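So you can see what is in the structure, the chains are spelled out below.
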Amino acid sequence: MTIVVQLLIVGIMVGTLYGLIGSTLTLMFRSTGILSFAHAGFALTGAYLYSGFSCPSSTGTECGQPTFPHPWIAAGVCIAVTTVAGLVVERLVIRPLEGSDIIRKSIATAAVLGLASGIMLQIYGPQPRGVPQDQELFPSGSFTIEGVVVDNQRLGILIVSASVMLLIAAVLSRSWFGLGVRAAGQRPDVVQLFGVKPATTSRFNWALGGALAGLAGVLIAPVSVVNIGTFSFLLAKGVAAALLGGLVSLPLTFAGGLLLGAVEALTPYYFEQTGSATVGIAAVTLLSVGINRRKIAQLAAVGGRSTAAAPGPARLRAAIAIAGASSVTRRVPRIVWFVAGLAFLYYPLTSAYYGSIGLACVFWALLALSVLLPAGDGGQPTFVQIGFAGIGAYTAASLQQNDMPFGWAALIAIGAALVAGLVVGALTLRFRGAAFAILSLTFGAMISDYVLNLNFMRTSAGNPTFFGVDLLVSNYAFAVAFGLFAVATLLVFNFRRSALGVSFRTLRSGTNLLSTFGVNAARLELVVFTLSAGIAGAAGVTYGLLVSSFTTFQFIPLIGVIVLLAAFVGGLRSLLGPVIAGLIFGYGPVLAANLSSADANAFPQIASSALALILVVAAPQGLASIGEWARESLVLAGSTSPSATFRGRKVPTSARPSDPVSATLRRPTEDRATLAAGLERPPAVPSRPPQRRLVTSGTRTSLGDYSEQSITPTSSAQERK
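Criteria and cut-off values
Residues numbered from 1 in each chain as written. Predicted model: local features only at pLDDT ≥ 70, side-chain atom pairs only at ≥ 80, totals over all residues. Heavy atoms only, no water. Helix = DSSP H or I, 4+ residues; strand = E, 2+ residues; numbered from the N terminus. Buried < 20%, exposed > 50% of the residue type's maximum accessible area, 1.4 Å probe, protein only. Contact = heavy atoms within 4.5 Å. Areas by Shrake-Rupley, 256 points an atom, 1.4 Å probe, with all protein chains shown as cover. Axes fitted to C-alpha atoms, helices over the stretch in contact; angles between N-to-C directions. Parallel < 35°, antiparallel > 145°, perpendicular 65-115°, else oblique. Left-handed = near helix turned anticlockwise from the far one by under 90°. Nonpolar A, V, L, I, M, F, W, Y, C, P; charged D, E, K, R; others polar. Core = buried A, V, L, I, M, F, W, Y, C linked by side-chain atoms within 4.5 Å. Phe/Tyr/Trp six-rings, centres within 6.5 Å; stacked < 30°, edge-to-face > 60°. Salt bridge = Lys/Arg side-chain N within 4 Å of Asp/Glu carboxyl O. Expected span 1.5 Å × (residues − 1). Arc of directions from axis to C-beta. Patch = residues over 30% accessible without salt bridge, like charges linked within 9 Å, V, L, I, M, F, W, Y side chains within 5 Å. Pairing = 2+ DSSP bridges. pLDDT = per-residue confidence, 0-100.

Caption draft 1: How the structure looks around the overall build of the chain. Helix and strand counts for the chain come out as 28 helices and eight strands. Counting only residues that meet the buried cut, the chain has 51% of its 721 residues in that class. Within the chain, contacts between residues at least 6 apart in sequence are counted, and of these 77% link residues at least 24 apart. A total of about 32400 Å² of accessible surface is found on the chain, and carbon and sulfur atoms cover 64% of it.

Given below as structure tokens:
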């Protein structure tokens, strides 16, 4: 019994950190309607800075002179840095996206997390870091109460966290400004009548969230190993704590964090399997999302959709240059591009060095292709694809260790990923938007922490051969991997061109045309998600050919965030997007390694995250559709400027719409279905004097008075009838 009590106390003390992170996520969700990944980046920054200030030259065993003699001064500096970072992100990233959809906001905060982790990795290196005892926030040692040992550090974390949360809860519940902050995320128009500016509340929330996340990072650094993966799981547990608090109550969120800490500490005592605690947390998260489903949908819907603004001088200058280059490339015959592609494939097919680079490119391209279907076409921001890739890699390696040929092992591995996608999709696709993003992150953490740690899983593929060809030779392995990518691309291409595929893309805008074809939308979405999981499993098989062995750390939720960023940078609307993402994320690390001699080369992650931040604000369709973005910018410029000129240069006539129909026809094919769905909605009718109309209700028919404002809106099908 003493061991259980000991574990319970330790778990509750660690759970205070989950409560802190969950409280920051609650603040952000209430004010912006999004699941903020940025605050995991702030916590990571605070922890790395504190460990760096305390131990500048090593990992905690042999340290140089600390930057700040007193640990509390170092802690204050770290919290100040994360507070300023929160304000900067609010001003440069979040405010320009006010009113945008959930995909753009989620990708923006994910890009902040990727940028923060890349910068910390570049500065401090890949090795785990620690804090020496003389630089801990509280005195070292412990004491015993009734046979239970209480650690001073964890007790201090509990006291500080609880005090901070009580203070914040009092301010938010007992002051006029606090009441305005609590209501701003739900009714910003009403709150303005009481003198509370939405911009002020947004700055306050992001500054407070940055400070709390930095405090959590500072508190976790002395009691845990500081590395990139730690904060992926911390984010998943913080999300679960926020859901237990109903995404509204900070005290309940903090209490939910304590409960999760206790579950995490006690579960391994009864279930020895590694990662069993993550399964329990996933179950709690799924139950909490189901309970708070309507609340999540209401908060996520705050702000609506943004309207396209007229481009500024810098954007218009870039649009003119890109539109000109795009018009030139469109004149090149397709046969020329085909021959150029074959010539480009010559090097990885004939050289082992370029073959390994090509394998990395195919791996990232397959991952981006797997994201394109659920996120780009279905509008569901998914973070679980890297988990499916892990299932594919581990299953193929385990089967090959049992002397199964590579071909059969690859097929069974892809099948295992399909089954995992079917199970995860059946549990999560009943939710949309922020709720789905939360669950995909949670299930991604469960796969990497539990499923991939099962006893029969193996981390090395051995010596794979395919019809007698040695796949340890990189160019031969590239040929097989490229064949997988070609088959997956052909499947996606045919689906997207079909009538079902075109109608499926209308789900992105919240419209459902699938009933027109007599198709169950939920079933089709489950099939599409399962297909995307199989493509991710093929990416995992490719990864097994790329590296000799792998670990679960390579499939953590943070990598899932980077996968979504890669797909977004390439483009979520075009099949060219995965190719671009594969080239950037596959060849980028090699190129950066040739330009840098640092031990940790995080320049590709930094560059891609920064590029994602720029694109999500300025050109949200990605690099594959950059030409389309340029033409749309010129359309906006032509429609707002009578002369349609820019600094003496005439805007191309083809970019100026002569009428709304021609402007609509110039939009991409996937957008036309969405626009057509929108046109089917009955237009707004101005009020008219009361008229007489035949009103049918059930089996009774009567003649009654009505005004247009009192009529219940009917569906488009009813209007056509």
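Caption draft 2: How the structure looks around the packing of helix H9 (residues 228-244) against helix H18 (residues 434-449). Where H9 contacts H18, the two axes come as close as 10 Å, and the packing angle between them is 135°. Between H9 and H18, the angle falls in the class oblique. For H9 against H18, the interelement crossing comes out left-handed. Between H9, through Phe-233, Leu-235, Ala-236, Val-239 and Leu-243, and H18, the contact on the second element is made entirely by Ile-438, Leu-441, Ala-445, Ser-448 and Asp-449. Residue classes in the contact of H9 with H18 are distributed as eight nonpolar, one polar and one charged.

Caption draft 3: Structural context of the nonpolar core. Counting residues in each nonpolar core, the largest one holds 178 residues, and the members touching the most others are Phe-37, Tyr-50 and Phe-388. Top element by residues in this core is helix H15 (residues 352-377). It accounts for 13 residues. Setting aside chain neighbours within four positions, we find Phe-37 in contact with Ser-106, Thr-109, Ala-110, Leu-113, Leu-235, Phe-383, Leu-441 and Val-561.

Caption draft 4: Looking closely at the side chain of Ser-23. Looking at where Ser-23 falls in the secondary structure, it is placed in helix H1 (residues 2-32). Exposure remark for Ser-23: the relative accessible area of 0% places this residue in the buried category. When near neighbours in sequence (up to four residues on either side) are disregarded, Ser-23 contacts Met-165, Leu-250, Thr-253 and Phe-254.

Caption draft 5: Spatial organisation of the packing of aromatic side chains. Per the counting criterion, the structure on display carries 21 aromatic pairs. Judged by centre distance (5.0 Å) and plane angle (65°), the ring pair of Tyr-394 and Phe-550 falls under edge-to-face. Here Tyr-394 is found in helix H16 (residues 385-401), whereas its partner Phe-550 is found in the loop between helix H21 (521-546) and helix H22 (557-570), with 156 residues between them in sequence. For the pair Tyr-394 and Phe-550, a shared accessibility class is recorded, and that class is buried.

Caption draft 6: Here's a closer look at unusual backbone geometry. For Asp-403, which is not glycine, the phi dihedral falls at a positive 65°. Here Asp-403 is to be found in the loop between H16 and helix H17 (406-428). Notably, Phe-467 is not glycine yet its phi reads approximately 55°, a positive angle. Tracing the sequence through the fold places Phe-467 in the loop between strand E3 (465-466) and strand E4 (469-470). Judged by relative accessible area, Phe-467 falls into the exposed class, the value being 77%.

Caption draft 7: Highlighting the pattern of salt bridges. Tallying each qualifying case throughout the model produces four salt bridges. For Arg-95, the salt bridge identified is with Glu-90, shortest N-O distance 3.1 Å. Judged by its relative accessible area of 26%, Arg-95 falls in the partly exposed class. The exposure class assigned to Glu-90 is buried, which follows from its relative accessible area of 2%.

Caption draft 8: Seen up close, helix H13 (residues 313-330). Its 18 residues give H13 an end-to-end C-alpha distance of 26 Å, which sits within 8% of 26 Å, the value for a rise of 1.5 Å per residue. Buried within H13 are the following residues: Leu-316, Ala-319, Ile-320, Ala-323, Ser-326 and Ser-327. For H13, the angular spread of buried residues about the axis comes to 140°, placing them on one side. Every exposed residue of H13 that faces more than 90 degrees away from the buried side is listed here: Ala-314 and Val-328.

Caption draft 9: Inspection of helix H5 (residues 152-174) at higher detail. Given a rise of 1.5 Å per residue, 23 residues ought to cover 33 Å, and the 33 Å separating the end C-alpha atoms of H5 matches this to within 8%. Within the sequence span of H5, burial applies to Gln-153, Gly-156, Ile-157, Val-160, Ser-161, Met-165, Ile-168, Ala-169 and Leu-172.

Caption draft 10: Geometry of the environment of Gly-238. Here Gly-238 shows up in helix H9. Between the alpha carbons of Gly-238 and Leu-260 there is a distance of 9.2 Å; along the sequence they are 22 residues apart. What Gly-238 contacts, discounting residues up to four positions off in sequence, is Tyr-18, Ile-21, Gly-22 and Leu-25.

Caption draft 11: Fine view of a nonpolar patch on the surface. A cluster of nonpolar residues, Ile-335, Val-336, Phe-338, Val-339 and Leu-342, forms a patch on the protein surface that exposes about 480 Å² of accessible area. Locating Ile-335 in the fold gives a position in helix H14 (residues 334-350). Take Ile-335: its relative accessible area is 55%, and that puts it in the exposed class.

Caption draft 12: Representation of the pairing of strand E2 (residues 148-151) within the structure. The two faces of E2 differ: Val-148 and Val-150 on one face are buried, but Val-149 and Asp-151 on the other face are not. Sheet topology note: the strand E1 (residues 142-145)/E2 ladder contains four bridges and is antiparallel. If you follow Ser-142 over to E2, its bridge partner there is Asp-151.

Caption draft 13: Expanded view of the packing of helix H2 (residues 38-54) against helix H4 (residues 102-124). For the pair H2 and H4, interaxial distance at closest approach is 7 Å and the crossing angle is 15°. In terms of axis orientation, H2 runs roughly parallel to H4. Between H2 and H4 the crossing geometry is left-handed. Residues Ala-38, Ala-40, Gly-41, Phe-42, Leu-44, Thr-45, Tyr-48, Leu-49 and Gly-52 of H2 lie in contact with H4, whose contacting residues are Thr-109, Val-112, Leu-113, Ala-116, Ser-117, Met-120 and Tyr-124. Here the contact of H2 with H4 is built from residues that sort into 11 nonpolar, five polar and no charged.

Caption draft 14: Highlighting the confidence of the model for the chain. Put simply, the chain has an average pLDDT of 78, and 79% of its residues get 70 or more. Ranking the elements of the chain by mean pLDDT puts strand E8 (residues 700-706) last, at 34, and H17 first, at 94. pLDDT under 50 marks residues 639-721. Its contacts with residues more than four places away, or in other chains, come to 85 contacts.

Caption draft 15: Spotlight on the environment of Leu-507. Its location among the elements puts Leu-507 in the loop between helix H20 (499-504) and H21. Judged by relative accessible area, which is 10%, Leu-507 ranks as buried. Along the backbone, Leu-507 and Gly-379 are 128 residues apart, and their C-alpha atoms lie at a distance of 6.8 Å.

Caption draft 16: Up close: the environment of Thr-459. The topology assignment puts Thr-459 in the loop between H18 and E3. The partly exposed category is assigned to Thr-459, whose relative accessible area is 34%. Considering only alpha carbons, one finds Thr-459 and Gln-401, 58 residues apart in sequence, at a separation of 9.4 Å. Residues in contact with Thr-459, not counting those within four places in the same chain, are Tyr-394, Ala-397, Ser-548, Ser-549 and Phe-550.

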